[in-house]
Amino acid sequence: MAAAEPADTIAAIATAAGAGGIGVVRVSGPASALIADAVLGDCPAARHAAYLGFKDADGSLIDRGIAIYYPGPNSYTGEDVLELQAHGGPALMQILLARCLSLGARQAEPGEFTRRAYLNDKLDLAQAEAVADVINAATAEAARSAVRSLSGEFSQRVQVLLNSLIRLRLYVEACLDFPEEDIDFITQGGVRAKLEEVSVALQRLHASARQGNLLREGIRVVLVGQPNVGKSSLMNRLAGEEVAIVTPIAGTTRDTISSLIQIEGVPLHVIDTAGLRDTADEVEQMGIERTWRALETANAAILLVDAQHGITGVEAAILARLPADLPRVWLHNKIDLSAEQPRSELRDQETHLFVSAKHGDGIELLRQHLLQLAGWQPSGEGVFMARARHLQALSVVDTHLQYALDQLQYPELLAEELRLAQDALSSITGEFTPDDLLGEIFSRFCIGK
């Protein structure tokens, strides 16, 4: 990618909102050195931390702190960058930012620093997206995976696959230059075998990307069942704290309650819902309606049953209303009252777990089954972070490779399918990416990053 044209100078508070021990105002662009002269009295030596006073326009002291100047291209954005580290009071940060803006900088847009880093070839697009993923990681494993993507592991695997595609495409297109030769270049060149090798490598990459996307997005699990079957007790057991009120009174939960938990680093958004039953209570009816709406966007459902009564007509009616393709598990709760042992059974191709949410018996069985429902398959190698955009691109590549295998007798069509596969794969790292997609990606970043 070619470096971006010289840009204006941007500035923003780079630390999170609220009070903190340290706050950072970041400046990037051609006016960074001039702003340093005006605020500090002199521009610090390159890449050396200097403890200096930060001056307002009238010469009064705003604060004292650390200033670091990074001349381009050896900076995060590839441009001249100035970082001012002061005490992290919100009012003080705003005064310091206003001073930089008064000296010719403008307020940075969300993600604009990282977008400039991408445009100046400091990061590829997958690495740039990983910056936001590192910041927003919900679990420790997700954070580690995002760092792997930021360091380039995902991009390197994409590049290896891309190189194989390019070599294959070049060979096929070279064959097109000799149509008069009575030689089967496709067969002699082992194109089918090479295509199949690329396809196998793509499948491995796609599987790893799905794991990374799972770490990023997690899954939404909805607890559903009749009142008083133990949904709130299970919610509290999984969350490890009292996030839902538990009483013997049926219908206590009247609204959806969400809690983020993690199992082996995989984030799960567990949603406790109102018990499903016929009721004249208007508020409870609203809660029940929200239960059905939550199920429409769920990735999995836990159907709770009182182990003393088993599955009744009420549960059968609930099951009939669930989306047909929604993964689910039957959870027979309160085995402490029915004197049963925790266990897992397979009935009619559906899993039935027997647990006690109150005492925790069998809960580990549920945790492991939720990981299976999510599709989590821990591997020995590190998982990198991936997004839905990446999965879609890899699916497009796979489609074109399958089409290519069907067009081996037509080199022109084969070459076109390989070109389309290459373009789709290149979109992951941003080699071929439309501007409107870039705008959507970086607009979701925080300001100052």
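Residues numbered from 1 in each chain as written. Predicted model: local features only at pLDDT ≥ 70, side-chain atom pairs only at ≥ 80, totals over all residues. Heavy atoms only, no water.

All right, on to the overall build of the chain then. Assigned secondary structure in the chain consists of 16 helices and 13 strands. When burial is assessed residue by residue, the chain has 47% of its 449 residues classed as buried. Looking at the chain alone, contacts between residues at least 24 apart form 65% of all its contacts between residues at least 6 apart. About 21,300 Å² of surface is accessible on the chain, with carbon and sulfur atoms providing 52% of the total. (Helix = DSSP H or I, 4+ residues; strand = E, 2+ residues; numbered from the N terminus. Buried < 20%, exposed > 50% of the residue type's maximum accessible area, 1.4 Å probe, protein only. Contact = heavy atoms within 4.5 Å. Areas by Shrake-Rupley, 256 points an atom, 1.4 Å probe, with all protein chains shown as cover.)

Our focus in this paragraph is the confidence of the model for the chain. In this model, the chain carries an average pLDDT of 82, and 82% of its residues clear a pLDDT of 70 or more. In this model, residues 243-255 is a region of pLDDT below 50 whose contacts with residues beyond four sequence positions or in other chains number 38 contacts. (pLDDT = per-residue confidence, 0-100.)

Another point: the packing of helix α4 (residues 125-136) against helix α5 (residues 140-150). Across the interface, α4 lies against α5 with an axial gap of 8 Å and an inter-helix angle of 155°. One way to sum up the angle between α4 and α5 is to call them roughly antiparallel. As for how α4 packs across α5, the hand of that crossing is left-handed. The segment α4 lies against α5, with Gln127, Ala130, Val131, Asp133 and Val134 engaging Ala146, Val147, Ser149 and Leu150. (Axes fitted to C-alpha atoms, helices over the stretch in contact; angles between N-to-C directions. Parallel < 35°, antiparallel > 145°, perpendicular 65-115°, else oblique. Left-handed = near helix turned anticlockwise from the far one by under 90°.)

This part is about the pattern of salt bridges. Within this structure, the stated rule accounts for 21 salt bridges. Between Arg419 and Glu416 there is a salt bridge whose closest N-O contact spans 2.6 Å. Taken as a pair, Arg419 and Glu416 lie in helix α15 (residues 411-429) at a separation of three residues, close to a single helical turn. Since its relative accessible area comes to 28%, Arg419 is described here as partly exposed. (Salt bridge = Lys/Arg side-chain N within 4 Å of Asp/Glu carboxyl O.)

The end-to-end C-alpha distance of α15, which contains 19 residues, comes to 28 Å, matching closely the 27 Å that a straight helix rising 1.5 Å per residue would cover. Looking at α15, one finds that the buried residues are Leu414, Ala415, Glu417, Leu418, Ala421, Gln422, Ala424, Leu425, Ser426, Ser427, Ile428 and Thr429. Following α15 by one or two positions, Gly430 has its phi on the positive side, about 95°. (Expected span 1.5 Å × (residues − 1).)

Time to look at the side chain of Glu141. Turning to its location among the elements, Glu141 is positioned in helix α5. In contact with Glu141, other than residues within four places in its own chain, are Arg148, Leu215 and Gly265.

An order of β3-β4-β5-β2-β1-β6 is seen for the six strands of this open sheet, with the pairing classed as mixed. Each edge of the open sheet is held by one strand with a lone partner, namely β3 (50-55) and β6 (106-107). Here two bridges tie strand β1 (residues 10-13) to β6, and the two strands are oriented parallel to one another. Counterpart to Ala11 in the pairing with β6 is Gln107. (Pairing = 2+ DSSP bridges.)

What follows concerns the side chain of His206. Assignment of secondary structure puts His206 in helix α8 (residues 191-217). Residue classification places His206 among the buried positions, given a relative accessible area of 9%. Apart from residues lying up to four places away in sequence, His206 is in contact with Leu391, Leu394 and Ser395.

Quick look at the packing of aromatic side chains now. Each aromatic ring pair is described using two quantities: the centre-to-centre distance and the angle formed by the ring planes. Inspection of the entire model under this criterion finds one aromatic pair. A ring pair is formed by Phe154 and Phe384, whose centres lie 4.5 Å apart and whose planes are at 10°; its orientation type is stacked. Taken together, the residues span a long stretch of sequence, with Phe154 in helix α6 (residues 153-175) and Phe384 in the loop between α13 (363-374) and α14 (388-406) at a distance of 230 residues. Across the pair, Phe384 and Phe154 agree in class, each one buried. The ring centre of Tyr171 lies 5.6 Å from the NZ or CZ of Lys194, which sits over that ring. A cation over an aromatic ring shows up here: Arg343 above the ring of Phe354, its NZ or CZ 3.7 Å from the ring centre. (Phe/Tyr/Trp six-rings, centres within 6.5 Å; stacked < 30°, edge-to-face > 60°. Lys NZ or Arg CZ within 6 Å of the ring centre and 35° of its normal.)

The next point concerns the UniProt feature "binding site: Mg(2+)" (unreviewed entry) in the chain. Within this numbering scheme, the UniProt entry marks Ser232 and Thr253 as carrying the feature "binding site: Mg(2+)" (unreviewed entry). Structurally, Ser232 can be placed in helix α9 (residues 231-239). (UniProt positions renumbered as here; feature names shortened; annotations may be inferred.)

Further remarks concern the pairing of strand β10 (residues 300-306). Counting buried positions along β10 yields seven of seven residues, so the element is predominantly enclosed. Both faces of β10 are covered, namely the face carrying Ala300, Ile302, Leu304 and Asp306 and the face carrying Ala301, Leu303 and Val305. Bridge count for strand β7 (residues 219-225) against β10 is five bridges, and the pairing is parallel. Considered in β10, the bridge of Gly225 is made with Leu304. Of the strand pairs in this sheet, β10 and strand β11 (residues 328-333) are connected by six bridges, and their pairing is parallel. By the bridge assignment for β11, Leu303 is matched with Trp330.

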